[in-house]
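What the coordinates show
The lines below spell out each chain.
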Amino acid sequence: MQITNDVIYVGVNDHKIDLFEGQYVVPNGMAYNSYVIKDEKTAVFDTVDINFTHEWLDNIAAALDGKAPDYLIVQHMEPDHSANIQNFVNIYPDTKIVANAKTFTMMNQFFDFDIEDRKVVVANGESLSLGRHELTFVFAPMVHWPEVMMTYDSTDKILFSADGFGKFGALDVDEDWACEARRYYIGIVGKYGAQVQNVLKKAAGLDIQIICPLHGPVLTENLGYYINLYDIWSSYRAEDDGIVIAYTSVYGHTKAAVLKFAEMLKRKGAPKVSLFDLARDDMAEAVEDAFRYSKLVLATTTYNADIFPFMREYINHLTERNYQNRTVAFIENGTWAPLAAKTMKGMFEKSKNLTIADTTVTIKSALNADSTQQLEKLADELCKEYVAQSDDASDKHDMSALFKIGYGLYVVTSNDGNRDNGLIVNTVTQLTDSPNRVAVNINKANYSYHTIKQTGKMNVNCLSVDAPFKVFETFGFQSGRNTDKFKSCEVLRSDNGLVFLPRYINAFMSLKVEQYVDLDTHGMFICTVTEARVMSDKETMTYTYYQNNVKPKPETQGKKGFVCKICGYIYEGDVLPDDYICPLCKHGVADFESIE
């Protein structure tokens, strides 16, 4: 397969495999990808699984058309990508092997041949010229082995991404990318979210037009979609709103309760209810959905004074992958001494940023009126925000929304007649309660100021403490004049026609401007409240909380250069160009400071 004029795909498809890494069901097989760059010097990227030696070597020979390769670049030593290094060297004995020091250490453990005369050891950020093509090596430790590196070709603007952006499935099968890529990422890379975030920060400074992974298709279009999903997955944010129910049931009573509970959730407006019988369904699929959706309900029996084995295995899969930033609820069943909820909660004690539901349902053998009422109470708790999002079911005059106002952080949304817009503000004040009046201060330099001045209406979204840094990047680091901030966001609208955020808020208020006060650099809009909804009981995010817990802490130790005070991006170098713009938050040199 020709990727560009000089880059050729020489990988193979595997339809014989049933379990990848001995545990993941792969009904559509696997692809083991390898690439060739033809230039003044020729480079081969990675090898393939040992079962496809001859097919792969045939592909290389056809691509090279009689020419011997100059380099074999080894980005990852896992055997599905490195197994044929020795076979390759046997065929092309004069080829140099390009890798980092950790890779060569592992290579000596896998193979018994003389590597020393062939070694080209590269460092992080080092480059290798093939002629027209300049390759730069980007180390990606623990994504998902310690020696992993990626390679950037600045000529064709290709990122050879190792296992990053890979997926299950052979290339000759047509299937949805996201589903199998999500299952692949969470199962194999999911534990290493922090390391993936570091790589994404490095990639933000590169002009990437094509991504060539070691599994799955070459990505050539809409790269922002794939990168955004990796950002969501690696920061452990929920990809979609929904509720996963994972259960085990011995004699059917817990299953009966779960099925009844699922119907309650659907009736109360849950946008998605995903159900898994952990003894029968694919465990990897159940783990995938727990990371995909925002809420998780675990239902199991007390078993040998513990919990049912499949539930214990499931929770272990979640916690070892750093499951966090979710709401978790528990349903337990027991005939004489229910202990399951206590045990399950204990297994999550070390997990970060989990919200445990206030309601725990206890079933004594089988559902009765009391435990059914507990199910209803839990369903109400989990669906509170979904009810608030509903035009028909919500209380649109819940003035307790005003209690959410503090010295916090808010997203103010508006519309200029053509496009929705939003910005971050930190000055919202309740003025009176009869009638309910609110003041909002907005900097005149912001496009939203202009829009609200013309339209006389806005929505104030009260951010809750679960709001990730991505919210601030979206609404605080770019202008709505030239950016559609809601392009990839689910759009919900209040009665005034403006957007309110579907998540990461605990309340919103629709405001109608009644008076305006000019404050030089800012304008104060004094408004009446036309609609108010409470979405959740989560705490409002304060500016202090944002600084201490949400804003990334730049890793400046051992680095020389400049750090962006807004987003923490690090520019490494002795001199910061006068016209430099931060690739993350788009702020200029005035917002950078020297690393001391």
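To be clear, the structure that these remarks concern was listed above.
Procedures and definitions
Residues numbered from 1 in each chain as written. Predicted model: local features only at pLDDT ≥ 70, side-chain atom pairs only at ≥ 80, totals over all residues. Heavy atoms only, no water. Helix = DSSP H or I, 4+ residues; strand = E, 2+ residues; numbered from the N terminus. Rg over C-alpha atoms; globule rule 2.2 N^0.38 Å. Buried < 20%, exposed > 50% of the residue type's maximum accessible area, 1.4 Å probe, protein only. Contact = heavy atoms within 4.5 Å. Areas by Shrake-Rupley, 256 points an atom, 1.4 Å probe, with all protein chains shown as cover. Lys, Arg positive; Asp, Glu negative; His and termini not counted. Charge placed at Lys NZ, Arg CZ, Asp CG, Glu CD. Pairing = 2+ DSSP bridges. Salt bridge = Lys/Arg side-chain N within 4 Å of Asp/Glu carboxyl O. Expected span 1.5 Å × (residues − 1). Arc of directions from axis to C-beta. Core = buried A, V, L, I, M, F, W, Y, C linked by side-chain atoms within 4.5 Å. Axes fitted to C-alpha atoms, helices over the stretch in contact; angles between N-to-C directions. Left-handed = near helix turned anticlockwise from the far one by under 90°. Nonpolar A, V, L, I, M, F, W, Y, C, P; charged D, E, K, R; others polar. Patch = residues over 30% accessible without salt bridge, like charges linked within 9 Å, V, L, I, M, F, W, Y side chains within 5 Å.

Things to note about the overall build of the chain
- Counting its secondary structure elements, the chain contains 16 helices and 34 strands.
- Radius of gyration (C-alpha) of the chain: 27 Å, near the 25 Å computed for a compact globule of 596 residues.
- Each principal axis of the C-alpha distribution contributes one length, and for the chain these read about 85 × 70 × 45 Å.
- Of all 596 residues assigned to the chain, the portion counted as buried reaches 55%.
- For the chain, the proportion of contacts with a sequence separation of at least 24, taken over those separated by at least 6, is 68%.
- Split by element, the accessible area of the chain, about 25900 Å² in all, is 47% carbon and sulfur.
- Once the 58 positive and 80 negative side-chain charges of the chain are each reduced to a mean point, those two points are 6 Å apart.

A closer look at the pairing of strand β24 (residues 420-425)
- Counted residue by residue, β24 has five buried out of six residues, so it is predominantly covered.
- Sheet analysis places strand β23 (residues 410-415) next to β24, joined by six bridges and oriented antiparallel. From the neighbouring strand, Asn415 faces β24, where its bridge partner is Asp420.
- Adjacent in sequence and paired antiparallel, β23 and β24 are bridged by four residues, among which Gly417 carries a positive phi angle near 100 degrees.

Comments concerning the pattern of salt bridges
- The tally for this structure, following the rule as stated, stands at 29 salt bridges.
- As a salt-bridge pair, Asp240 and Arg292 come within 2.9 Å of each other at their nearest N and O atoms. Placement of the pair is Asp240 in strand β16 (residues 240-247) and Arg292 in helix α9 (residues 283-292), with a sequence separation of 52 residues.
- In this structure Arg292 comes out as partly exposed when scored by relative accessible area, which is 24%.
- With a shortest N-O distance of 2.7 Å, Arg493 and Asp420 are connected by a salt bridge. In this pair, Arg493 sits in strand β28 (residues 492-493) while Asp420 sits in strand β24, placing the two residues 73 residues apart along the sequence.
- Its relative accessible area of 35% is what places Arg493 among the partly exposed residues.
- Classification of Asp420 by relative accessible area gives buried; the value is 10%.
- Taken together, the salt bridges that share partners define one network made up of Asp391, Lys396, Asp495, Glu531 and Arg533.

Let's talk about helix α10 (residues 309-320)
- The end-to-end C-alpha distance of α10 is 16 Å, a good match for the 16 Å that 12 residues give at a rise of 1.5 Å each.
- Those residues of α10 that fall on the buried side of the exposure criterion are Met311, Tyr314, Ile315, His317 and Leu318. Within α10, the buried residues cover an arc of 155 degrees as seen down the axis, which keeps them to one side.
- At its buried positions, α10 is contacted by β16, α9, β18 (293-303), β19 (306-307) and α11 (340-347).
- Downstream of α10 by a residue or two, Asn322 has a phi angle that is positive, lying close to 65 degrees.

Quick look at the nonpolar core
- Grouped together as the largest cluster of nonpolar side chains are 92 residues, with contacts concentrated most on Phe20, Ile85, Leu298 and Tyr314.
- Sorting elements by how many residues they give to this core places helix α5 (residues 177-189) first, with eight residues.
- In this structure Phe20 touches Val26, Met30, Tyr32, Asp80, Phe168, Tyr184, Ile188 and His215, once residues within four positions along its chain are discounted.
- Grouped together as the second largest cluster of nonpolar side chains are 32 residues, Phe469, Leu492, Met535 and Cys582 included.

Some details on the packing of α5 against helix α7 (residues 223-234)
- Orientation of α5 relative to α7, taken along the N-to-C sense of each, is 35 degrees, at an axis distance of 11 Å. For the pair α5 and α7, the crossing hand works out as right-handed. Side by side, α5 and α7 meet where Trp177, Ala178, Ala181, Arg182 and Tyr185 of the first sit next to Tyr225, Tyr226, Leu229, Tyr230, Trp233 and Ser234 of the second.
- For the contact of α5 with α7, the residue count by class is nine nonpolar, one polar and one charged.

Comments concerning a nonpolar patch on the surface
- Residues Val250, Tyr251 and Tyr303 make up a contiguous nonpolar surface patch of about 360 Å² in total accessible area.
- Locating Tyr251 in the fold gives a position in the loop between β16 and α8 (253-267).
- Accessibility expressed as a relative area gives 74% for Tyr251, which makes it exposed.

Brief notes about the environment of Tyr92
- Structurally, the position occupied by Tyr92 is in the loop between α3 (85-91) and β9 (96-99).
- In the structure, Tyr92 is positioned 163 residues away from Lys255 in sequence and 60 Å away in space, judged by C-alpha atoms.
- What Tyr92 contacts, discounting residues up to four positions off in sequence, is Ile60, Ala61, Leu64, Ala68 and Pro69.

Overview of the sheet that holds strand β10 (residues 119-121)
- In space, the six strands of this open sheet follow the order β1-β6-β7-β8-β9-β10, with mixed pairing throughout. Taken across any chain shown, the strands that pair with only one partner, and hence form the sheet edges, are β1 (7-9) and β10. Taking the axes of each pair of neighbouring strands and ignoring which way they run, one obtains an average angle of 25 degrees across the sheet.

A short note on unusual backbone geometry
- Cis geometry is adopted by the peptide bond preceding His144, which originates at Val143 and carries an omega value of 5 degrees.
- Residue placement: His144 occurs in the loop between β12 (134-139) and β13 (149-153).
- Cis geometry marks the peptide bond from Ser434 to Pro435, where omega comes out at 0 degrees.
- Following the sequence through the fold, Pro435 ends up in the loop between β25 (428-433) and β26 (436-443).
- The phi angle at Ala162 is positive, at roughly 50 degrees, despite the residue not being glycine.
- Residue class for Ala162 comes out buried when judged on its relative accessible area of 0%.

Here we look at the sheet that holds strand β14 (residues 158-160)
- One open sheet accounts for five strands, arranged β11-β12-β13-β14-β15; its pairing is mixed. Unpaired on one side and paired on the other, β11 (127-129) and β15 (210-212) mark the two borders of the sheet. Across the sheet, the mean angle from the axis of one strand to that of its neighbour is 20 degrees, orientation sign disregarded.
- In this structure, β13 lies alongside β14, joined through three bridges in antiparallel fashion. In the sheet register, Tyr152 faces β14, and the bridge partner there is Leu159.

A few points about the side chain of Asn436
- Positionally, Asn436 belongs in strand β26.
- In this structure Asn436 comes out as buried when scored by relative accessible area, which is 15%.
- Once residues within four sequence positions are removed from consideration, Asn436 is found in contact with Met399, Leu402, Gln430, Cys527, Thr528 and Val529.

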